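Breakdown of the fold
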Amino acid sequence: MKRRGYRWAGVLGVVAIVGVCLALLAGQTSSPSPVTLQQVYDLLVTQDGKNRLDLLEARMTVMEEWLKDLDAEVDLVHEVSVKMTDSQYGFFDVQRWTLDDIKYMLDAMQHKLDDIENCACP
């Protein structure tokens, strides 16, 4: 008896799934409504009667000018950073050369002191 109930429940489940699938397919196959001239007009013109394409073109022109200004600023920042880096590394190179000279002089003095110390002992 229980087996028979499970079979009926399975059959009803399959029928329900098929029905839902058919309903979804029927809803998707409905044809879209035709586009009217009023809808096209509403897309191209604002409520004030201004052409949207002209407004977009004006915005694009402003954005292009803004991007040119931004590009010039980025180039300026890059040039300044390159100059700073070059001057900084140049400073370090000069300082390193000076430190190497000081170390050489100190080593030479140490050798002379060692020579004096060795000669002073009777």
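Look a little higher up for the structure.
About the thresholds
- Residues numbered from 1 in each chain as written.
- Predicted model: local features only at pLDDT ≥ 70, side-chain atom pairs only at ≥ 80, totals over all residues.
- Heavy atoms only, no water.
- Helix = DSSP H or I, 4+ residues; strand = E, 2+ residues; numbered from the N terminus.
- Buried < 20%, exposed > 50% of the residue type's maximum accessible area, 1.4 Å probe, protein only.
- Areas by Shrake-Rupley, 256 points an atom, 1.4 Å probe, with all protein chains shown as cover.
- Salt bridge = Lys/Arg side-chain N within 4 Å of Asp/Glu carboxyl O.
- Patch = residues over 30% accessible without salt bridge, like charges linked within 9 Å, V, L, I, M, F, W, Y side chains within 5 Å.
- Polar contact = N/O pair within 3.5 Å; in protein donor to acceptor, adjacent residues only side chain to side chain.

**Describing the overall build of the protein**
- Secondary structure assignment for the protein yields three helices and zero strands.
- Beginning at the N terminus, the succession of helices and strands in the protein can be written as α-α-α.
- A burial count over the protein gives 2% of its 122 residues as buried.
- Looking at the protein as shown, the accessible area adds up to about 11,900 Å², and 66% of this sits on carbon and sulfur atoms.

**What about the pattern of salt bridges?**
- Inspection of every chain in the model, using the stated rule, returns two salt bridges.
- Residue lysine 68 pairs with glutamate 65 through a salt bridge whose shortest N-O separation is 4.0 Å. Residue lysine 68 and its partner glutamate 65 are located together in helix α3 (residues 52-120), separated by three residues, close to a single helical turn.
- For lysine 68, a relative accessible area of 55% corresponds to the exposed category.
- Taking the shortest distance from any N to any O, the salt bridge between lysine 103 and aspartate 107 comes out at 3.5 Å. With a gap of four residues between them, lysine 103 and aspartate 107 both fall in helix α3, about one helical turn apart.
- Taking relative accessible area as the criterion, aspartate 107 reaches 35% and is therefore assigned partly exposed.

**Observations concerning a nonpolar patch on the surface**
- Residues Val35, Val40, Leu43, Leu44, Leu53 and Leu56 make up a contiguous nonpolar surface patch of roughly 580 Å² in combined accessible area.
- Elements with a contribution of two residues or more to the nonpolar patch: α2 (37-44) and α3.
- Looking at which element gives the most residues to the nonpolar patch, the answer is α2, with three residues.
- Mapped onto the elements, valine 40 comes out in helix α2.

**Details of the environment of serine 81**
- Looking at where serine 81 falls in the secondary structure, it is placed in helix α3.
- For serine 81, a relative accessible area of 32% translates into the label partly exposed.
- Within the structure, serine 81 has its side chain in polar contact with the backbone oxygen of histidine 78 (distance 2.8 Å).

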